[in-house]
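# Summary of structural features
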Amino acid sequence: CARDSEAYTGRIKVFCFFNYPHLQIDLDTIDVSNLNRQFLFQKKHVGKSKAQVAKESVLRFCPSANITAYHDSIMNPDYNVEFFRNFQLVMNALDNRAARNHVNRMCLAADIPLIESGTAGYLGQVTVIKKGQTECYECQPKPTQKTFPGCTIRNTPSEPIHCIVWAKYLFNQLFGEEDADQEVSPDTADPEAAWNPADAAARATASNKDGDIKRVSTKEWARSTGYDPVKLFNKLFKDDIMYLLTMDKLWKKRKAPLPLDWTEIHHLESSQEEACGTGLKDQQVLGVQGYAQLFHRSVETLRSQLIEKGEGAELVWDKDDPPAMDFVTAAANLRMNVFSMNMKSRFDVKSMAGNIIPAIATTNAVIAGLIVLEIFLNKQPNPRKKLLVPCALDPPNPSCYVCASKPEVTVKLNVHKTIVQALQDKILKEKFGMVAPDVQIEDGKGTILISSEEGETEANNNKFLSDFGIRNGSRLQVDDFLQDYTLLVNLIHSEELEKDVEFEVVGDAPDKAPTPSVPEEGKNIANGNKDSAQPSTSSKAAAEDDDVLIVDSDEEPSSSTMEASPESSNRKRKHHGADTDDAVSKRKRLDQQPADDDEDIIALD
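Below is a summary of the structure that appears in this document. Quick caveat: nothing in here was measured; it's all calculated off a predicted structure.

What counts and how
Residues numbered from 1 in each chain as written. Predicted model: local features only at pLDDT ≥ 70, side-chain atom pairs only at ≥ 80, totals over all residues. Heavy atoms only, no water. Helix = DSSP H or I, 4+ residues; strand = E, 2+ residues; numbered from the N terminus. Buried < 20%, exposed > 50% of the residue type's maximum accessible area, 1.4 Å probe, protein only. Areas by Shrake-Rupley, 256 points an atom, 1.4 Å probe, with all protein chains shown as cover. Expected span 1.5 Å × (residues − 1). Arc of directions from axis to C-beta. Contact = heavy atoms within 4.5 Å. Polar contact = N/O pair within 3.5 Å; in protein donor to acceptor, adjacent residues only side chain to side chain. Patch = residues over 30% accessible without salt bridge, like charges linked within 9 Å, V, L, I, M, F, W, Y side chains within 5 Å. Salt bridge = Lys/Arg side-chain N within 4 Å of Asp/Glu carboxyl O. Lys, Arg positive; Asp, Glu negative; His and termini not counted. Charge placed at Lys NZ, Arg CZ, Asp CG, Glu CD. Pairing = 2+ DSSP bridges. Axes fitted to C-alpha atoms, helices over the stretch in contact; angles between N-to-C directions. Phe/Tyr/Trp six-rings, centres within 6.5 Å; stacked < 30°, edge-to-face > 60°. Lys NZ or Arg CZ within 6 Å of the ring centre and 35° of its normal.

## Here's the deal with the overall build of the protein chain
The secondary structure content of the protein chain amounts to 14 helices and 19 strands. Looking at the protein chain as a whole, 50% of its 605 residues are labelled buried. As displayed, the protein chain has an accessible area near 29800 Å², and 49% of this comes from carbon and sulfur atoms.

## Quick look at helix α1 (residues 50-61)
Across its twelve residues, α1 extends 17 Å between first and last C-alpha, which sits within 8% of the 16 Å expected from 1.5 Å per residue. Those residues of α1 that fall on the buried side of the exposure criterion are Lys 50, Ala 51, Val 53, Ala 54, Ser 57 and Val 58. The buried side chains of α1 occupy one side of the element, clustering within an arc of 165° when seen end-on. Buried residues along α1 sit against β3 (22-25) and β4 (67-70). N-cap assignment for α1: the residue whose side-chain oxygen lies 3.4 Å from the backbone N of Ala 51 is Ser 49.

## Side note on a negative patch on the surface
On the surface, Glu 177, Glu 178, Asp 179, Glu 220 and Glu 314 cluster together into a negatively charged patch. With respect to the element layout, Glu 177 can be found in the loop between α5 (160-175) and α6 (197-204).

## Section: the sheet that holds strand β15 (residues 475-480)
With mixed pairing, six strands are arranged side by side in an open sheet as β14-β13-β15-β16-β12-β17. The strands lining the two open edges of the sheet, one partner per strand, are β14 (447-450) and β17 (503-505). Shown here is a sheet whose adjacent strand axes are inclined to one another by a mean of 30°, direction ignored. Against the sheet, helix α14 (residues 420-431) makes contact with β12 (408-413), β13 (438-441), β14, β15 and β17, and its axis sits at roughly 70° relative to β14, the strand it touches most.

## As for the packing of aromatic side chains
Considering all chains together, one arrives at 16 aromatic pairs under this definition. Consider the rings of Phe 83 and Phe 84, whose centres lie 6.0 Å apart with planes at 80°: the pair is edge-to-face. For the pair formed by Phe 83 and Phe 84, the shared burial category is buried. One aromatic cluster is present, built from ring pairs that chain together Trp 166, Phe 171, Phe 175, Tyr 227, Phe 233, Phe 237, Trp 262, Phe 295 and Phe 327. The ring of Trp 166 has Arg 335 lying over it, and the distance from NZ or CZ to the ring centre is 4.4 Å.

## Quick look at the side chain of Arg 346
Its location among the elements puts Arg 346 in helix α12 (residues 346-352). Given the relative accessible area of 16%, Arg 346 is considered buried. Among the polar contacts listed, one links the side chain of Arg 346 to the side chain of Asp 326, at a separation of 2.9 Å.

## Digging into the side chain of Asp 261
Within the element layout of this structure, Asp 261 appears in the loop between α8 (229-246) and α9 (262-266). Given a relative accessible area of 14%, Asp 261 falls into the buried group. At a separation of 2.9 Å, a polar atom in the side chain of Asp 261 contacts the side chain of Lys 238. Among residues more than four places away in sequence, those in contact with Asp 261 are Phe 233, Asn 234 and Lys 238.

Next comes the structure, spelled out in structure tokens:
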């Protein structure tokens with residue numbers, strides 16, 4: 001974290017970070033796929049700690065820098081509120097929402113400014129979060145995440161989308177164009193599996209020296225078997241899973257995966273394998289045996305297609321190609337079963353199998369530069385032909401369940417069907433981003449429902465909420481002492497939730513903003529997926545004069561939305577930027593600059 005020392009280059013204010021103590025925390029190790037999107041890592045660094053190598057690389061061109069590198073997780077309890085209070089500034093460059101939520105809460109608790117940033121494809125975003133002055137990272141609802149850490153996909157999937165992404169990667173590794181970013185085998189260098197940096201580096205370099213990795217690719221191995229469906233099945237869903245189980249640190253706080261064996265599944269009684277659901281065939285959920293047979297048939301069909309195309313041919317995954325869709329549906333569902341998730345219908349898998357947004361070095365470079373600039377970068381020039389403009393941020397959302405003075409939320413669920421374990425894992429941890437929640441029922445007796453102390457309330461885990469007298473209107477006080485965060489949860493009992501919906505947050509905004517009714521002039525900007533940039537629908541904007549330009553986006557890159565909102569007696573203009581991790585965007589208008597100011601860069605004082 002850097003102090004707020006400033007220097008000026010031209011008329012843009014920048015921060016000089018290396019003159020002051022700087023601490024870097026990163027849990028990850030360097031993979032081959034990281035080499036094309038930055039300049040700090042080289043081939044010889046593969047398998048080593050990102051934090052340590054970044055420090056060494058910076059010191060080579062800036063020997064006077066004062067940097068401390070930690071190969072660790074920012075969510076480690078050692079990094080508590082007091083730890084955050086040691087710094088004047090925190091800068092995020094994270095790759096997952098759970099970590100972003102956590103750092104957001106820690107900085108709010110410590111009252112330390114946070115610079116939040118992220119990129120996704122051609123989109124990127126930077127914003128500042130300051131307690132009581134700006135929106136926090138969680139003030140606005142987040143759309144479904146579209147990019148995921150590689151170790152999550154390969155080692156520890158926790159959601160169906162992780163398995164669907166893995167299955168798409170697998171299709172390319174077997175039948176399509178191979179990509180280092182789309183490896184599907186267990187990640188032996190998973191930093192979470194080895195907290196000791198030396199262990200992680202040793203594991204990553206066990207079969208390679210000085211980063212020169214030599215291994216048989218998934219496609220080469222599959223070709224050597226003649227694309228035998230049974231051998232592929234046992235390798236993917238039995239052997240690889242058994243190997244994952246040897247990485248025991250991954251399963252200390254997670255449910256371990258359960259390997260599948262082709263022979264055992266083949267002898268399952270058909271009575272256990274009836275399809276679930278009614279209606280069209282694509283909307284039915286098959287059993288494990290059904291998906292195993294679908295996997296077998298689809299591999300045989302795809303193998304035939306490769307043979308017909310000739311030596312060296314490759315297939316391209318298309319959701320409208322039945323064999324390709326069958327393969328991804330079967331592989332994804334088998335992996336969901338291995339990791340104890342509810343399987344999905346072919347229809348659901350097809351609807352979820354969206355594009356995976358790639359990392360782009362140029363976007364990373366631009367966003368890294370913007371992190372140290374006190375300016376706002378528009379997605380396109382405004383009517384005055386300016387890209388770089390001054391801005392102010394929106395104030396906190398008074399109804400935010402994180403940074404409000406008294407955070408409170410209402411959850412609708414069935415108290416007779418929801419168990420305590422689901423309340424803890426799916427609602428408090430997954431939905432509300434807590435790390436170690438303690439839950440007390442406001443029943444006049446102070447009944448402890450969940451304790452963060454290991455073993456204290458484990459006996460409650462498989463009991464229903466109603467077993468503790470929880471009913472419609474009950475209130476729970478939830479505390480996460482690590483995050484210094486308290487949340488009051490109001491419960492509404494309902495027996496009319498939609499199918500497969502375990503709970504609803506009352507008043508929760510939809511994943512995406514409504515489709516705008518006012519078309520934007522010119523073409524929309526598509527960046528990496530089917531969603532294109534959409535205009536705002538501000539009703540006030542139409543009343544402003546022609547100098548107002550409204551730019552908004554339905555994209556969901558990987559960070560929070562930055563928004564602008566100072567007041568002025570002059571004419572005001574509205575600016576919108578590249579949203580990252582948020583579909584919700586609402587910029588308030590800024591003071592118009594003098595008409596004779598034709599420079600493309602505006603000074604900030």
